[in-house]
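# Architecture at a glance
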Amino acid sequence: MMTPTPSAAQLAARMQHVAMSPTIKGTIAAEKLRREGVDVVDLGAGEPDFPTPSHICEAGHAAINAQRTKYTANMGTLDLRQAVAARYRTDYGVEYAPDEIVITAGGKQALYHAAIGLFGPGDDVITHAPGWPTIAEQIKLAGAKPVIVQTRAEQGFVPTAELLLGALTPNTRGIVINSPGNPTGALLSEADARLIAAEAARRGLWVVLDLCYERLIYGGVPHNLPGIFGEVLRDRLVLAGSSSKAYAMTGWRLGWAVGPKAFASGANALQSHTTSNASSISQYAAVAALNGPQQCVTDMLTVYQQRRDQVLEWLAEEPRFRCAVPQGAFYVFPDIGDFLSPGGLRTSLEFSDALLAEEHVVTTPGEAFDAPGFVRLSYATSLERLREGLTRLIRFARKHS
Ligand SMILES: Cc1ncc(COP(=O)(O)O)c(C=O)c1O
C-alpha cells in the first residue's frame, strides 16, 4: 500500500509558521528566462560579484592538498577562533577568548544559535524592518515572538534607540539588530547604540548584533558596536559575523558566533547535534582571510562605493524613485509607491514580477523584507550591467506611471 504524501498540516506545528523567502519565486523565473537565452540583468544578488581573493583560495587548496579534510574541533579550529579574536581586537579593541567563539556554517547559523539558545516561548524579541527575513523567522522557530519595529524611510531606515526601546514590553527578552542593514544599508549610530546598551543592561536583556556587513561601511563612519555594547553588556551580548560578504566567500559557508562562555558552550552543544564543525577547508581559508592582508576588503569597498554613488545618480534620473542614501552593504532600497495604483501595478511584488517579465530585470520586492512599496536593487554587479538595468527599470517605471 502506498503511504499518502503528507500535507503541510501533518508536519510539526513549528513548520506551520515558517515561511520560505518570497524572493525565491523571482529567482526561479529569472533562471527560466536565462535558460531560454534571454539577456537578464540581475539586480537581485545578495552576494558579492567579486571572486574570492586568490590568497584565500590558495589556503583552501593547500588544506585539501594536505588532507585537512577531516572533522575539526566541533566549535572550530583553535587557529581560526584565535584569528576571529584577533580581528575583533584589531577592529574594535574588544577581547574575546577562543572558548567564547564558535565557528559556524555562515553568519546565518550563528544567528540561529543565538535565537535557539537565548529565546523561547513567552519571550518577545525586538527587531526592525525593513529587514532581512531570516531574523524574524528564526525567532519564531525558537518559539518566541518577533516584535518588529518599522524604521522610517525619511530617517534613512535607521534603527534608532527611540524606535527600538519604544517597543519594549514586560516580556521582552532580547533585541536583534542588523547593522549595516539588509536591505536598507542603514547603520545604528554609536550614540543610539549607547542608549540601547544602557537600557538593555538595566533590564538584563540579550542583545544580538548581526554584523555580517560590518566591513562594508562607506565614508569611515565610526561603528564600534562590539565595543559600545560590550562595555556595559558583555555577558549578554552575542555577535554574529561572517566571511561571506567582506571576503566574497558566500559559498564557503563560514561565520562565527561570539559571546559569553556559557552561550558559546550552549551553541557548541547545539552544533554538535546538528551540523558539527563548519567545513574544515573553509576554516583554513578563513584563517587566511582574517589574518592575511585586508587590502582586498578595502579594494572591494571602494568599488562598491563607486557603484552606490553611480546607481543613486542614475536612479535620480527619475525623481519619483525616492531613495535614502545607504551607509553600508551593497543595496539601494527605493520607494516605488509613485508607480503603483489600484488600476495598474498594485504592489511592489507585482512591480518586480512585471519588471522581470517585460524588461528582464531581477529585483527583490519590498514584501520580502516586510516593506511593501519598495524594491531592493543590489549593486553587487558591474557598472555596465547596472547602467543597463537602471535604463530598463526607468523605462519600465515611466511606462507604468
Ligand atoms: C543581514 C544578513 N545577515 C546575515 C546573513 C548571513 O550570511 P551568511 O550566512 O552567508 O554568513 C545575510 C546574508 O544574506 C544577511 O543579509
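This one's a predicted model, so the numbers in the text were calculated from it and none came from an experiment.

This part is about the overall build of the protein chain. Along the backbone of the protein chain there are 13 helices and twelve strands. Relative to the 2.2 N^0.38 estimate, which gives 21 Å for 401 residues, the radius of gyration of the protein chain is 21 Å and therefore close to what a compact globule would have. Expressed as lengths along the three principal axes of its C-alpha atoms, the size of the protein chain is roughly 65 × 60 × 55 Å. Relative to its full complement of 401 residues, the protein chain shows a buried share of 54%. Total accessible area computed for the protein chain in this model is approximately 17200 Å², and 55% of it derives from carbon and sulfur atoms.

Moving on, we get to the pairing of strand β12 (residues 375-378). Of the two faces of β12, the one lined by V375 and L377 and the one lined by R376 and S378 are each fully buried. Pairing analysis gives two bridges linking strand β9 (residues 331-332) to β12, with the strands arranged antiparallel. Paired with V332 across the bridge in β12 is L377. The pairing of strand β11 (residues 364-365) with β12 spans two bridges and is antiparallel. Bridging from a neighbouring strand, P365 pairs with V375 of β12.

Before going further, it helps to examine the sheet that holds strand β2 (residues 101-104). Reading across the sheet, the seven strands line up as β2-β8-β7-β6-β5-β3-β4 and stay open at both edges, with mixed pairing between neighbours. The sheet is open, and its two edges are formed by β2 and β4 (145-150), each paired on a single side. Shown here is a sheet whose adjacent strand axes are inclined to one another by a mean of 20°, direction ignored. Two elements, strand β3 (residues 124-129) and strand β5 (residues 172-178), share three bridges in a ladder whose sense is parallel.

On to the site of the ligand, then. In the vicinity of the ligand lie 13 residues, with G107, D210, S242, S244 and K245 positioned nearest. Here an oxygen atom of the ligand and a backbone polar atom of G107 are 2.6 Å apart. Contact distances for the ligand include 2.8 Å between an oxygen atom and a side-chain N or O atom of N182. In the complex, 92% of the free accessible area of the ligand, which totals 390 Å², lies under the protein chains. Its residues assigned to classes, the shell around the ligand comprises three nonpolar, six polar and four charged.

Under the defined criterion, the tally for this structure stands at 13 aromatic pairs. Each ring, one from F333 and one from F374, has its centre 5.2 Å from the other, and the planes form 10°; the classification is stacked. With F333 in the loop between β9 and α12 (348-359) and F374 in the loop between β11 and β12, this pair connects stretches of sequence that are 41 residues apart. By relative accessible area, which is 3% here, F333 ends up buried. Through a chain of ring-to-ring contacts, the aromatic side chains of F50, Y213, Y304, F330 and Y331 assemble into a single cluster.

With respect to the helices and strands, P365 occurs in strand β11. A residue is classified by how much of its surface remains accessible, and P365, at 6% relative accessible area, is buried. For the pair P365 and L33, spaced 332 residues apart in sequence, the C-alpha to C-alpha distance is 18 Å. With sequence-adjacent residues up to four places away left out, P365 is seen in contact with S348, L349, S352, F374 and V375.

Here we take up helix α11 (residues 295-315). Here α11 spans 30 Å end to end across 21 residues, near enough to the 30 Å set by a 1.5 Å rise per residue. What α11 keeps buried is the set C296, V297, M300, L301, Y304, R307, R308, V311, L312, W314 and L315. Each buried residue of α11 sits inside an arc of 155° when the element is viewed along its axis, so together they form one side. Where α11 is buried, its residues meet α2 (54-65), β9, β12 and α13 (383-399).

Under the domain assignment used here, the protein chain contains domain 1 (15-44 + 296-399) and domain 2 (54-291). With 25 residues of domain 1 at the interface, the matching set in domain 2 holds 32 residues. When domain 1 packs against domain 2, the two sides together hide about 2400 Å² of surface, and 66% of this comes from carbon and sulfur. It is V297, Q327 and F369 that lose the most area in domain 1 upon contact with domain 2, and together they represent 23% of the buried surface on that side. Where domain 1 meets domain 2, there are zero salt bridges. Inspection of the domain 1/domain 2 interface yields nine residue pairs in polar contact (both at pLDDT 80 or more). Sorting elements by how many residues they give to the side of domain 1 that touches domain 2 places α11 first, with seven residues. For the side of domain 1 that touches domain 2, the per-class residue count stands at 18 nonpolar, four polar and three charged.

Looking at the element boundaries, N178 is found in strand β5. N178 sits in the buried class, given a relative accessible area of 3%. A distance of 3.2 Å separates a polar atom in the side chain of N178 from the backbone oxygen of D210. Residue contacts for N178: discarding those within four places in its chain leaves H128, I135 and D210.

Analysis parameters
- Residues numbered from 1 in each chain as written.
- Predicted model: local features only at pLDDT ≥ 70, side-chain atom pairs only at ≥ 80, totals over all residues.
- Heavy atoms only, no water.
- Helix = DSSP H or I, 4+ residues; strand = E, 2+ residues; numbered from the N terminus.
- Rg over C-alpha atoms; globule rule 2.2 N^0.38 Å.
- Buried < 20%, exposed > 50% of the residue type's maximum accessible area, 1.4 Å probe, protein only.
- Areas by Shrake-Rupley, 256 points an atom, 1.4 Å probe, with all protein chains shown as cover.
- Pairing = 2+ DSSP bridges.
- Axes fitted to C-alpha atoms, helices over the stretch in contact; angles between N-to-C directions.
- Near = heavy atom within 4 Å.
- Polar contact = N/O pair within 3.5 Å; in protein donor to acceptor, adjacent residues only side chain to side chain.
- Nonpolar A, V, L, I, M, F, W, Y, C, P; charged D, E, K, R; others polar.
- Phe/Tyr/Trp six-rings, centres within 6.5 Å; stacked < 30°, edge-to-face > 60°.
- Contact = heavy atoms within 4.5 Å.
- Expected span 1.5 Å × (residues − 1).
- Arc of directions from axis to C-beta.
- Domains from an automatic or database assignment.
- Buried area = accessible area lost by both parts, 1.4 Å probe.
- Salt bridge = Lys/Arg side-chain N within 4 Å of Asp/Glu carboxyl O.

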